[in-house]
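# Summary of the model geometry
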Amino acid sequence: MDEAPRGWTTGTLADALSDATLADELSVERIEQAEPVLKLTMHDFGDLAVFASVGGDQIVVSTLLWPVDEQEDQTAFNRFLLKTQKLVPLSNFAIAEVDGREYYELIGELSVESRLSTILIELRVLAQNAIDAASDLRTEFAA
């Protein structure tokens, strides 16, 4: 099933990603709230949690990195992120608030018409970028 079913929904995306052939790579959990969200556990990336939502014409995938208040010299780091954004393939940095605390977040967007293979590429690239950012970018900047 590599074709998009005339535009993904949260349900059809969950079903496609729950396919047994992907079980070693990722697990899917549906989180029911005002807008349904999928929590994808990326096993090949240390069980990194990636969240996916479908709305309008796009699929948004994201993962939290680390709390903003733990980043040394936040202003300089934020400026650095804006200047180097184009060096991070298929992903964008943002700041998200979770339970009253701000976190750096990595986000990718795709069309709801994307093929499943393209969605899987985005998920893998986002996960790898998150691992790289947490291990290299954060510590390199602090050094």
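You'll find the structure just up there.
### Let's talk about unusual backbone geometry
One non-glycine residue, aspartate 47, lies in positive phi territory at about 60°. With respect to the element layout, aspartate 47 can be found in the loop between β2 (37–42) and β3 (48–55).

### Some thoughts on the nonpolar core
Counting 37 residues, the largest nonpolar core has Leu17, Ile59 and Leu123 as the members making the most contacts within it. Elements with a contribution of two residues or more to this core: α1 (10–17), β2, β3, β4 (58–67), α2 (74–84), β6 (101–111) and α3 (116–142). Ranked by residue count, the leading element in this core is α3, at nine residues. Aside from chain neighbours lying at most four places away, what touches isoleucine 59 is Trp8, Leu13, Ser53, Val54, Gly108, Glu109, Leu110, Ser111, Val112 and Ile119.

### So, the sheet that holds β6
Sheet architecture is open: six strands sit in the order β1-β2-β3-β4-β6-β5, paired in antiparallel fashion. At either margin of the open sheet sits one strand with a lone partner, and together these are β1 (26–31) and β5 (92–98). Strand-to-strand, the axes of this sheet are offset by a mean angle of 30°, without reference to chain direction. Summarising the sheet, β5 and β6 pair through seven bridges and their orientation is antiparallel. The residue bridging valine 98 from the neighbouring strand is arginine 101, located in β6.

### Thoughts on the packing of aromatic side chains
Here the structure, examined in full by the defined rule, presents four aromatic pairs. Relative to phenylalanine 77, the ring of tryptophan 66 lies with its centre 5.9 Å away and its plane at 55°, an arrangement referred to as tilted. Taken together, the residues tryptophan 66 in strand β4 and phenylalanine 77 in helix α2 connect sequence positions eleven residues apart. For the residue pair tryptophan 66 and phenylalanine 77, the accessibility class agrees, reading buried in each case. Ring geometry for phenylalanine 77 against tyrosine 104: centres 5.2 Å apart, planes inclined by 75°, an arrangement best described as edge-to-face. With phenylalanine 77 in helix α2 and tyrosine 104 in strand β6, this residue pair connects regions lying 27 residues apart in the sequence. Across the pair, tyrosine 104 and phenylalanine 77 agree in class, each one buried. Linked through ring pairs, Trp66, Phe77, Phe80 and Tyr104 together constitute an aromatic cluster.

### Let's talk about the environment of glutamate 122
Secondary-structure assignment places glutamate 122 in helix α3. Once the C-alpha coordinates of glutamate 122 and glutamate 109 are considered, the two residues, 13 residues apart in sequence, prove to be 8.3 Å apart. For glutamate 122, the contacting residues outside a window of four places in its chain are Val61, Leu90, Ser91, Gly108 and Leu110.

Rules of the game
Residues numbered from 1 in each chain as written. Predicted model: local features only at pLDDT ≥ 70, side-chain atom pairs only at ≥ 80, totals over all residues. Heavy atoms only, no water. Helix = DSSP H or I, 4+ residues; strand = E, 2+ residues; numbered from the N terminus. Core = buried A, V, L, I, M, F, W, Y, C linked by side-chain atoms within 4.5 Å. Buried < 20%, exposed > 50% of the residue type's maximum accessible area, 1.4 Å probe, protein only. Contact = heavy atoms within 4.5 Å. Pairing = 2+ DSSP bridges. Axes fitted to C-alpha atoms, helices over the stretch in contact; angles between N-to-C directions. Phe/Tyr/Trp six-rings, centres within 6.5 Å; stacked < 30°, edge-to-face > 60°.

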